[in-house]
Amino acid sequence: MPYPVPMQLDAIQTALREAQLDGWLFYDHHHRDPIASRILGLDPHAHVTRRWYYFIPAEGDPRKLVHRIESGRLDTLPGTKGQYSSWQELAKGIDTMLSGARRLAMQYSPRNAIMYVSMVDAGTIEFLRALGKEIVSSADLVSHFEAVLTADQIASHQAAQRAIDSILAQAFRELGRVLHPASGNPARITEFDLVQWFAEAMRREDLIWENGPNVSVGANSADSHYEPTAELCLPIRSGDFLLIDIWGRKNQPNSIHYDITWTGVIGRDPTALEQQVFTAVRDARDAAISCVERAFGEQRVNPGRTLHGFEPDDAAREVIRNAGFGEYFTHRTGHNIAAELHGSGANLDNLETHDERIILPNTCFSVEPGIYLPVDFEPGHPQFGIRSEINMLTAPGRAWVTGPRQQELVRI
């Protein structure tokens, strides 16, 4: 998990003024809003059994409201403190702390359109509206303070990239050695065995990760979130189709993940259908990449040019739709990447959500279109799925892919 970092009060207040907001209201109960803890630099494991509120106005000192039996909960943060015990005191305390403010950002999304920031319960929103407050989504503020990376974090992503790309290349060679030995007698290896091999290799490179990686052969590659276990896995054999999804970050505070997916065939050439699907996925990936590169390049002459998360998704989806596989591209094109694998910044998505969040400079995200064919899509052809995943970084006026792009199916 990411380590707590100090709250950036001055930067938050500047962002609030630029967004023409009166303030940002943070609220939590039983760690229901991990975004609040991260942005405020709070201990994510603190004992929180009562509601707390922290209001950062666009101008002036922050204000706190805490329960008397957890009165020190926000003492690490600046600002005045109010306390409550009864529900009547709570209602009055909220009204008092928000006096003079009307337009407030919260971790809220209208109609739950961007569920990644939709942390505040409906009852709290109803109460605040009854006080005459206008509640605005904090989605773009969250992106600014959660997804924008420091130079050290960008360097950590690049270090993870070099390590994982090297490990993946070693894995392909290891599979070739096991399945095509000089003796002619292949050894037995399963999907889970290769996952364990990856884990050992990643530990040697001082990488950390939460689960995975994912190794899928045959029909399992058509399950985009398949995860082999010791008890439930397939052997890897010559003739199989193979998908590997691997991710991790350096074992240091607030380092940034690297997350890629490659596919290939073992001991044979690809079938015509496999090649057709791979070509569609590769071209969709490259269309999304070009969309991002073009938009950030345009910012050099037009600083007001913005790119929203749904736009690269549209570019990738159009390619796959035109290739005749639209209904089999069943997930978003990409996700934000930060100290958390799935970060809180803009995703490349116009399927699962219509992500209107702005893709900001100095952020990282995946581009990973996929096609997952059903059983008997082509009679007699084994079931399979293909995803091609790369990562991108952005900076003012430019964007780039941080590792190699797969151009052909790997032959093992």
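Above this note sits the structure.
As a starting point, this report considers the structure included with it. (Residues numbered from 1 in each chain as written. Predicted model: local features only at pLDDT ≥ 70, side-chain atom pairs only at ≥ 80, totals over all residues. Heavy atoms only, no water.)

### Concerning the pairing of strand 8 (residues 214-217)
Item 1. The alternating pattern of strand 8 places Asn214 and Ser216 and Val215 and Val217 on opposite faces, both of which are buried.
Item 2. Here 4 bridges tie strand 8 to strand 9 (residues 241-250), and the two strands are oriented antiparallel to one another. Bridged to valine 217 within strand 9 is leucine 242. (Buried < 20%, exposed > 50% of the residue type's maximum accessible area, 1.4 Å probe, protein only. Helix = DSSP H or I, 4+ residues; strand = E, 2+ residues; numbered from the N terminus. Pairing = 2+ DSSP bridges.)

### Section: the pattern of salt bridges
Item 1. Applying the stated criterion to the full structure yields 21 salt bridges.
Item 2. Here arginine 38 makes a salt bridge to glutamate 146, at a shortest N to O gap of 2.6 Å. Note that arginine 38 is positioned in helix 2 (residues 34-40) and glutamate 146 in helix 5 (residues 139-147), a separation of 108 residues in sequence. In this structure, arginine 38 and glutamate 146 share a single accessibility class: buried. (Salt bridge = Lys/Arg side-chain N within 4 Å of Asp/Glu carboxyl O.)

### A look at the sheet that holds strand 12 (residues 364-367)
Within a sheet, each strand pairs with its neighbour through backbone hydrogen bonds, oriented either parallel or antiparallel.
Item 1. Spatial strand order, 11-12-15-16: 4 strands in an open sheet with antiparallel pairing. What marks the edges here is a single partner per strand, and that holds for strand 11 (336-337) and strand 16 (398-401).
Item 2. Taken together, the 2 bridges between strand 11 and strand 12 define a ladder with antiparallel strand orientation. In the strand pairing of strand 12, asparagine 336 is matched with phenylalanine 365.

### Description of unusual backbone geometry
Item 1. For the bond running from glycine 212 to proline 213, omega is 0 degrees, close enough to zero to count as cis.
Item 2. With respect to the helices and strands, the residue proline 213 is situated in the loop between strand 7 (207-208) and strand 8.
Item 3. The phi torsion at histidine 30 lies on the positive side, around 55 degrees, for a residue other than glycine.
Item 4. Of note, histidine 30 is situated in the loop between strand 1 (23-28) and helix 2.
Item 5. Its relative accessible area of 45% is what places histidine 30 among the partly exposed residues.
Item 6. In this structure, arginine 111 takes a positive phi of about 60 degrees despite not being glycine.
Item 7. Accessibility expressed as a relative area gives 84% for arginine 111, which makes it exposed.

### A look at the sheet that holds strand 4 (residues 80-84)
Item 1. Pairing is mixed in the open sheet, where 6 strands are placed in the order 4-3-2-1-5-6. Since the sheet does not close on itself, it has two edges, and those belong to strand 4 and strand 6 (134-137), each with one partner. On average, each strand axis in the sheet is tilted by 25 degrees relative to the strand beside it, whichever way the strands run.
Item 2. Across the sheet, helix 1 (residues 9-18) lies against strand 1 and strand 2 (52-57), angled at about 65 degrees from strand 2, the strand it touches most. (Axes fitted to C-alpha atoms, helices over the stretch in contact; angles between N-to-C directions. Contact = heavy atoms within 4.5 Å.)

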